[in-house]
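If you want the building blocks of each chain, they are given just below.
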Amino acid sequence: MQGLWLENQTLELRQNLPIPEPAPGEALVRVLRAGICNTDLELVRGYYPYNGILGHEFVGVVEQGPENLINQRVVGEINAACGWCRFCQKGQPTHCENRTVLGIVNRNGAFADYLALPVKNLHRVPDNISTDVATFTEPVAAALEIQQQVEIKPGDRVLVVGDGKLGQLVAQTLALTACDLLAIGRHGEKLANLEAEGIQTGFADLVKDRSFDIAVECTGNPEGFAIARRALRPRGTLVLKSTYKGNLTFDASGLVVDEITLIGSRCGPFPQALEILSKNKINVQPLIQARYPLKEAIAAFKHAQTRGVLKVLLDIRELQGT
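As the structure is a prediction and not an experimental result, all values here were calculated from the model.

A. Examining the pairing of strand S16 (residues 232-240) more closely. Sheet topology note: the strand S15 (residues 212-217)/S16 ladder contains five bridges and is parallel. Paired with Ala215 across the two strands is Leu238, which belongs to S16. Here S16 pairs with strand S17 (residues 261-264) via four bridges, running parallel. Its bridge partner being in S17, Val239 is matched across the sheet by Ile263.

As structure tokens, then:
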């Protein structure tokens, strides 16, 4: 099979990779569509020493697995847990001490003709969700994780910092809580996507210091962190939704004095994400800016690395002629 291989921070489209052999309890999935996200870009830059096939946002069709899933479209949770470590026993498989992570840690990913995942990780895609839209299930779930971690009530003043792919999804999902929401960024054309959904937007100069109950940082850069931090009232909550390359420097004493709650947030609930997409409660279509066949995956990455670009999709199905 073909797959986009990363090794020593170098991408190569390989033609003769072996089709995965599913382990017991796993399914073989033929990939239809996959999305390039910031984590993929950071892996290429050396964020984590991963060698293998990239990609973790996908929609595919089950070819080997339980009868009820054969020939069904599925999406998949990316953490493959061991089931017996202390975190698995506590019902926290995303923190499994022995986990592999699709396209990120010790498990080949979705930028290929096929992938393998545990059956328990797979979720059937409802018929009324298009394949393009279903590709957003994983990042929508990640956005929804915030609401699993923090109680957000109608009227709470909430700030989202960042107008990129994740920031857009975070803002749209938070808007469903009826909170008093402001999303800020640097790009008027991106913010216009949120304005079209009835979300208040602006630039950094619109943020009043110490006036928000909750701030969600989605930029992954120190400037974004600083804006989110200064926006919080005492005893406010700061949610970090992006990973940072290198060390982040901040005023720890200020966090203590203001009694700020600091929360890291990543993977989230797939069933809720599929429900929201099925009911058209958020709009992901404007985030799709380009699509490429797998054979042009390296060009797709170059496009995705361009400043200001939102979602770039790999159309694996087109290359397979299905």
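B. Quick look at the packing of helix H4 (residues 137-149) against helix H9 (residues 270-278). At a minimum axis distance of 8 Å, the contact between H4 and H9 shows a crossing angle of 110°. In terms of orientation, H4 lies roughly perpendicular with respect to H9. For the pair H4 and H9, the crossing hand works out as right-handed. Judged by residue contacts, Thr137, Glu138, Val140, Ala141, Leu144 and Gln148 of H4 engage Phe270, Gln272, Ala273, Leu274, Ile276 and Leu277 from H9.

C. How the structure looks around the sheet that holds strand S7 (residues 79-80). Taking strand neighbours across the sheet as the criterion, the three strands line up as S7-S8-S9 in an open arrangement whose pairing is mixed. At either margin of the open sheet sits one strand with a lone partner, and together these are S7 and strand S9 (106-107). Bridge count between S7 and strand S8 (residues 100-102): two bridges; the pairing is antiparallel. Bridge pairing in S8 places Ala80 opposite Thr100.

D. Main features of the UniProt feature "domain: Alcohol dehydrogenase-like C-terminal" (unreviewed entry) in the protein chain. The positions that UniProt labels "domain: Alcohol dehydrogenase-like C-terminal" (unreviewed entry) are, in the present scheme, residues 198-277. In residues 198-277, the share of helix is 30% and the share of strand is 28%. The end C-alpha atoms are 18 Å apart.

E. Examining the nonpolar core more closely. Counting residues in hydrophobic clusters, the biggest one holds 47 residues, and the most contacted among them are Leu54, Phe58, Phe111 and Phe301. The element best represented in this core is strand S3 (residues 26-36), accounting for six residues. Apart from residues no more than four positions distant in its own chain, Phe301 is found in contact with Leu4, Leu11, Ile36, Asp40, Leu41, Val44, Leu54 and Phe111. Formed by 41 residues, the second largest nonpolar core is a distinct cluster that contains Phe136, Ile214, Cys218 and Val239.

F. Broad picture of the pattern of salt bridges. For the structure shown, the criterion picks out 21 salt bridges. The salt bridge partner of Glu63 is Arg30, with a shortest N-O separation of 2.8 Å. Highlighted residues: Glu63 in strand S5 (residues 57-64) and Arg30 in strand S3, separated in sequence by 33 residues. For Glu63, a relative accessible area of 34% translates into the label partly exposed. Arg291 serves as the salt-bridge partner of Asp315, at 3.9 Å between the closest nitrogen and oxygen.

G. Layout of the state of the cysteines. Using the criterion set out here, one finds zero disulfides in the structure. The thiol of Cys96 is unpaired, and the distance to the nearest cysteine sulfur, on Cys82, comes to 3.6 Å. Since its relative accessible area comes to 1%, Cys96 is described here as buried. Between Cys179, a cysteine without a disulfide, and Cys218, which holds the nearest cysteine sulfur, the sulfur-to-sulfur distance is 13 Å.

Criteria and cut-off values
Residues numbered from 1 in each chain as written. Predicted model: local features only at pLDDT ≥ 70, side-chain atom pairs only at ≥ 80, totals over all residues. Heavy atoms only, no water. Pairing = 2+ DSSP bridges. Helix = DSSP H or I, 4+ residues; strand = E, 2+ residues; numbered from the N terminus. Axes fitted to C-alpha atoms, helices over the stretch in contact; angles between N-to-C directions. Parallel < 35°, antiparallel > 145°, perpendicular 65-115°, else oblique. Left-handed = near helix turned anticlockwise from the far one by under 90°. Contact = heavy atoms within 4.5 Å. UniProt positions renumbered as here; feature names shortened; annotations may be inferred. Core = buried A, V, L, I, M, F, W, Y, C linked by side-chain atoms within 4.5 Å. Buried < 20%, exposed > 50% of the residue type's maximum accessible area, 1.4 Å probe, protein only. Salt bridge = Lys/Arg side-chain N within 4 Å of Asp/Glu carboxyl O. Disulfide = S-S within 2.5 Å.

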